[in-house]
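# Residue-level structural notes
Here's the letter readout for the chains.
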Amino acid sequence: MTSATTSRTRPAGVPAQRSSPKVASLRIGLIGTGRIGTDHIRRLTELTAGAEVVAVSDVDTDRAREVAGGLASGRVTAGAHELIADDDVDAVVVSSWGPTHEEYVLACIAAGKPVFCEKPLATTQDACRRIVEAEVAAARRYVQVGYMRRYDPSYRTLKAVVDSGEIGAPLLVHSGHRNASVPGHYTGAMTITDTAVHDFDVARWLLDEEIAAVTVLTPKRNRGGGGDLPDPLLILLESESGVLVDVEVSVNIRYGYDIRGAVVRETGTVSLADGVPVVVRSGGRVGGPLHKDWQPRFAEAYDAELRDW
Ligand code: NAP
């Protein structure tokens, strides 16, 4: 959002000077000041030019107050809907938990405010469809979903090779999504709605195609998962043109956070490099430290996606 200021009183004979454009900050309201919400606030306030977080909201009002206290001019609104309706809020970040997303995103579209919604867009197919239909009816792009892998340098390089066509047409995609552990409130449905959604998004993005069929297989369970969590899962996607995508979701694999990706094409393959920041050779072994979770692995991608939004 920019506004140009021009001089109204210019002495005769003095040529008009082009004033430099005055850039007004985009005033952002954020709903859900949990782990990723506070991280996004830091990105928006410290790393994103022209962005300012002016209001926050969370069901945990103490946490919201604490977060607002750290902002230059942030305040806590009475609730999420008050934040969306607030005249001082130009755009909204939704980073509360998944089941709240539909309600807040629909309210943003109704209010005519752009919204960055953390994944998942919503937790059911019908809810996602209602959002898509509302945006189509509004005839404007309002919603961006937090699929940060599209901004990750490794994934972008992988896609560049795929798009170049240099190794033929794609035939198979292998995707692996491994978490060391998940919190106690994580449910079986979340293996799809919170975890595998990233892999579904990457498959559509890499192939430039829609998914036509899905099969979910539940092999023998990881005893470390506890309860009746289906872990691991093997999901088979079939694209419109017949490319098969296998997705392994393992959410209690203990050894680290490990994201795998490879595309098999007609005359070659392209894969993400092994996810170690450095390689250590010592004691007769070659290896390196793995990321513990998503925050360090995709830090650069989260920064880039919010700047792009
Ligand atoms: P979190 O730490 O539990 O934070 C969620 C926050 O939202 C909590 O403060 C929660 O309060 C609050 N909340 C719950 N219901 C709310 C409501 N009705 N209105 C306002 N606030 C509400 O979870 P998180 O890890 O930050 O995850 C938040 C979202 O980001 C999820 O959708 C998750 O899938 C997504 N996420 C995406 C990525 C990615 O890679 N793109 C990574 C992590 C998370 P209480 O704690 O009191 O319930």
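The present account deals with the structure reproduced in this document. (Residues numbered from 1 in each chain as written. Predicted model: local features only at pLDDT ≥ 70, side-chain atom pairs only at ≥ 80, totals over all residues. Heavy atoms only, no water.)

## Some thoughts on the overall build of the protein
Each helix and strand counted, the protein has nine helices and 16 strands in total. Structurally, the protein occupies a C-alpha span of about 80 × 50 × 45 Å along its principal axes. Out of the 309 residues in the protein, the part that is buried amounts to 44%. (Helix = DSSP H or I, 4+ residues; strand = E, 2+ residues; numbered from the N terminus. Buried < 20%, exposed > 50% of the residue type's maximum accessible area, 1.4 Å probe, protein only.)

## Regarding the environment of N179
Its location among the elements puts N179 in the loop between β9 (170-178) and α7 (190-207). In this view, N179 contacts T195, S250, V251, N252, I253, R254, G256 and Y257; residues no more than four positions away in its chain are not counted. (Contact = heavy atoms within 4.5 Å.)

## Quick word on empty space enclosed by the protein
A complete count under the given rule lists two cavities of 30 Å³ or more for this structure. Here the largest cavity defines a volume of roughly 40 Å³. Every residue lining the largest cavity is listed: Y155, L158, V173, H174, S175, V202, L206, G261 and A262. Secondary structure elements with two or more residues in the lining of the largest cavity: α6 (153-164), β9, α7 and β13 (258-265). Ranked by residues supplied to the lining of the largest cavity, first place goes to β9 with three residues. Taken together, the residues of the lining of the largest cavity break down into six nonpolar, three polar and no charged. (1 Å grid on protein atoms, 1.4 Å probe; cavity = no way out; pocket = protein on both sides within 12 Å on 5 of 7 lines; lining within 4 Å. Points joined across faces, edges and corners; volume = space filled by probe spheres on them. Nonpolar A, V, L, I, M, F, W, Y, C, P; charged D, E, K, R; others polar.)

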